[in-house]
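Read off the chains here:
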Amino acid sequence: MTPPNWQKIQTLPVAEIQVEERLRTASPTAVASIVSSIHEVGSILQPLLVRRVKDGYRLMDGLHRLTAAKEAGLEEVPVKVSECTNDQAIRIEVDANVAGAPLTPLDMAVFLAEHKRLYELDNPETAQGKAGAHGRWNATDIMSVASFSANAAEVFGKGDRHIRRLISVGEKLSKGEIAQLRAAPNRVQFKDLEHIAKCGAQADRSAICTALGEGKAKSAKEVLDRMKPSGQAVQTTPEMQASKLSDTFTRATKAARLEFVRRHEDELAALLDEVQQQVATGEVVPFSSQREA
């Protein structure tokens, strides 16, 4: 891919800089801080990044600075102009935000998912569902998002498994659901996103986003607990593990299921023999006691 063509720093009238839909919205607290700085120094010191489009200039990075400039009454701001594609513009926004101001867990999920999408556009052979894609995502693409993963690990104190869950959330959430979560009176926490990532049904995910967005629940767990049938029996540890295995197996592709059976063929055959023997003898074995020997 041809890299963006950057021009020298110049100034542009604030009114001429277009702002389209952003991956991240401006934080009022951050804007207020920049406005205060503008009043002290008289201008914005760090140039905004904009791209040249047919009808003018469009913002790529610097939403907080541009918003603050408008509130402070500045007529012009310093900019660095680029001639680039739309995907390159999105990548620049992602890179600038992840490397810059601290991100909320929701912001990180959205940016990580977008980075993965852009990576797969440039490297279609790594897309999920294609032969060997999972292995390449584990190796090559994790290297491509190393800076993102490192930033997330440092900010949230999480490891690779949690980063993958963030990516999963960012891919699952619709624009409307993201807007609902951003509007939540209580900031959405990492644990909330983990619960959303584990939701197998779209209806469950929508219920969580709606309840959190409208302030009708303080956490995703609270929403899920409310949705449980009254009097529902508490699952034992083996039952919960079996539910997770069943859910993963159900959502996997046929190719993945076949690969799983190949890897565990002997153990599965032994377990089937054990089940058939129990049926033949009429033996009732408590679920919690199976496979404990």
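Calculation notes
Every chain's residues receive numbers from 1 upward, in the order its sequence appears when written. For a predicted model such as this one, the threshold for reporting local features is a pLDDT of at least 70, and the threshold for listing and counting side-chain atom pairs is 80 or more; totals across whole chains, interfaces and linings nevertheless cover every residue. Hydrogen atoms and water are omitted, and side-chain values are computed over all heavy atoms in the structure. Throughout, exposure labels follow a simple rule: accessible area from a 1.4 Å probe, protein chains only, divided by the maximum for the residue type, with under 20% read as buried, over 50% as exposed, and the rest as partly exposed. Where helices and strands are cited, they refer to DSSP runs of H or I of at least four residues and of E of at least two residues respectively, numbered from the N terminus. Residue contacts follow a heavy-atom distance rule, with two residues in contact if any of their heavy atoms lie within 4.5 Å. Cavities and pockets were defined on a 1 Å grid built over protein atoms only: a cavity is a set of grid points that admits a 1.4 Å probe from which the probe cannot escape, a pocket is an open set flanked by protein on both sides within 12 Å along at least five of seven lines, and lining residues are those with an atom within 4 Å of any such point. Grid points are joined across faces, edges and corners, and a volume is the space filled by probe spheres set on the points. Amino acids are sorted into nonpolar (Ala, Val, Leu, Ile, Met, Phe, Trp, Tyr, Cys and Pro), charged (Asp, Glu, Lys and Arg) and polar (every other residue, Gly among them). Take the buried residues of types Ala, Val, Leu, Ile, Met, Phe, Trp, Tyr and Cys, join any two whose side-chain atoms come within 4.5 Å, and each joined set is a nonpolar core. Working convention: axes come from line fits to C-alpha atoms, limited for helices to the stretch in contact. Angles between N-to-C directions cover 0 to 180 degrees. By definition in this entry, angles of less than 35 degrees are roughly parallel, angles greater than 145 are roughly antiparallel, angles of 65 to 115 are roughly perpendicular, and the rest are oblique. Crossings are assigned a handedness: left-handed for a near helix turned anticlockwise from the far helix by less than a right angle, right-handed for a clockwise turn. The working definition used for a salt bridge is a side-chain nitrogen of Lys or Arg within 4 Å of a carboxyl oxygen of Asp or Glu.

### A few points about helix H2 (residues 63–72)
Consideration 1: Three or more residues of H2 are buried, namely Leu-63, His-64, Arg-65, Leu-66, Ala-68 and Ala-69.
Consideration 2: In this fold, the buried residues of H2 make contact with strand S2 (17–18), helix H1 (28–41), strand S3 (48–53), strand S4 (56–61) and strand S5 (76–83).

### A look at empty space enclosed by the protein
Consideration 1: One pass over the full model with this rule turns up 1 cavity of 30 Å³ or more.
Consideration 2: Taken together, Ala-184, Pro-185, Asn-186, Arg-187, Val-188, Asp-192, Leu-212, Ala-217 and Lys-218 make up the lining of the largest cavity.
Consideration 3: The residue makeup of the lining of the largest cavity, split by class, is 5 nonpolar, 1 polar and 3 charged.

### A short note on the nonpolar core
Consideration 1: Leu-166, Val-169, Leu-173, Leu-181, Leu-193, Ile-196 and Ile-208 are the most contacted members of the largest nonpolar core, which totals 32 residues.
Consideration 2: Elements with a contribution of two residues or more to this core: helix H3 (86–99), helix H4 (105–122), helix H7 (160–172), helix H8 (175–182), helix H9 (190–198), helix H10 (202–213) and helix H11 (220–227).
Consideration 3: The element best represented in this core is H4, accounting for 7 residues.
Consideration 4: Here Val-169 is in contact with Ala-109, Leu-193, Ile-196 and Ala-197, once residues within four sequence places are set aside.
Consideration 5: Of all hydrophobic cores here, the second largest spans 18 residues; its members include Ile-17, Tyr-57, Leu-59 and Leu-66.

### With respect to the packing of H10 against H11
Consideration 1: The N-to-C vectors of H10 and H11 enclose an angle of 125°; their axes lie 9 Å apart at closest approach. In terms of orientation, H10 and H11 fall into the oblique class. Where H10 crosses over H11, the handedness of that crossing is right-handed. Contacts from Asp-204, Ala-207, Ile-208, Ala-211 and Leu-212 of H10 reach H11 at Ala-220, Val-223, Leu-224 and Met-227.
Consideration 2: Class assignment for the residues of the contact of H10 with H11 results in 8 nonpolar, no polar and 1 charged.

### As for the packing of H4 against H8
Consideration 1: In contact at an axis separation of 11 Å, H4 and H8 are set at 160° when each is read in the N-to-C sense. With respect to each other, H4 and H8 are oriented roughly antiparallel. Along this stretch, H4 crosses H8, giving a crossing that reads as left-handed. Note on element contacts: H8 touches H4 through Ile-178, Leu-181 and Arg-182, opposite Leu-106, Asp-107 and Val-110.
Consideration 2: Considering only residue class, the contact of H4 with H8 consists of 4 nonpolar, no polar and 2 charged.

### Here we look at the pattern of salt bridges
Consideration 1: All told, the structure shown has 14 salt bridges when counted by the stated rule.
Consideration 2: Two residues, Glu-177 and Arg-205, come together in a salt bridge whose shortest N-O distance is 3.4 Å. Linking Glu-177 in helix H8 with Arg-205 in helix H10, this pair joins segments that are 28 residues apart in sequence.
Consideration 3: With a relative accessible area of 11%, Arg-205 lands in the buried category.
Consideration 4: Where Lys-216 meets Glu-214, a salt bridge forms, and the shortest distance between an N and an O atom there is 3.0 Å.
Consideration 5: On the accessibility criterion, Lys-216 (54% relative accessible area) is exposed.
Consideration 6: Look at Glu-214 and you get partly exposed, because its relative accessible area is 47%.

By themselves, these figures tell us nothing about what the structure is for.
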